[in-house]
Amino acid sequence: MHADIHRTEYWPKLSECLKKLGAGEYEKNRKDMYWILRPHMEAAIENAKKLDVLNEGKTASQAAPGTKVHELIEKLKPYLGEG
């Protein structure tokens, strides 16, 4: 997303996106979430890197939208069998 939305809007937005994938509603701690999102992992990482470029020079609180989760995922990939 290229929009800064409030955290109360995440749940409905996630459910909307999951429904488009045919994966039903969003639920916290869903055990199948990794496998639902796995096919989209590389695109998500690339999108997050693009946000990093747009947010360059900003503090974390100013970088909205922004995420650093892709850095964590890239470090975890070897343990997930993702190379």
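Let me sum up the structure you'll find in this document. It should be emphasised that the depicted structure is a prediction, and the values quoted were computed from it without experimental measurement.

Attention now moves to a nonpolar patch on the surface. A grouping of Leu72, Leu76, Tyr79 and Leu80 is seen on the molecular surface, where their side chains present a nonpolar patch of about 440 Å² in accessible area. Residue placement: Leu76 occurs in helix α4 (residues 69-76).

Let's shift gears to the environment of Asn29. In this fold, Asn29 is placed in the loop between α1 (10-20) and α2 (33-37). When the C-alpha atoms of Asn29 and Pro12 are compared, they prove to be 16 Å apart, with 17 residues separating the residues in sequence.

Within the structure shown, the criterion is met by 9 salt bridges. Where Glu16 meets Lys20, a salt bridge forms, and the shortest distance between an N and an O atom there is 3.7 Å. Separated by 4 residues within a single helix, Glu16 and Lys20 lie in helix α1, roughly one turn from each other. A residue is classified by how much of its surface remains accessible, and Lys20, at 68% relative accessible area, is exposed. Where Lys49 meets Glu46, a salt bridge forms, and the shortest distance between an N and an O atom there is 4.0 Å. Of the two residues, Lys49 and Glu46 are both situated in helix α3 (residues 41-54); the distance of 3 residues between them amounts to about one turn of the helix. Residue classification places Lys49 among the partly exposed residues on the basis of a relative accessible area of 32%. Overlapping salt bridges bring together Lys13, Glu16 and Lys20 as one network.

The rules behind each value
- Residues numbered from 1 in each chain as written.
- Predicted model: local features only at pLDDT ≥ 70, side-chain atom pairs only at ≥ 80, totals over all residues.
- Heavy atoms only, no water.
- Patch = residues over 30% accessible without salt bridge, like charges linked within 9 Å, V, L, I, M, F, W, Y side chains within 5 Å.
- Areas by Shrake-Rupley, 256 points an atom, 1.4 Å probe, with all protein chains shown as cover.
- Salt bridge = Lys/Arg side-chain N within 4 Å of Asp/Glu carboxyl O.
- Helix = DSSP H or I, 4+ residues; strand = E, 2+ residues; numbered from the N terminus.
- Buried < 20%, exposed > 50% of the residue type's maximum accessible area, 1.4 Å probe, protein only.

In short, shape yes, function no, at least from these values alone.
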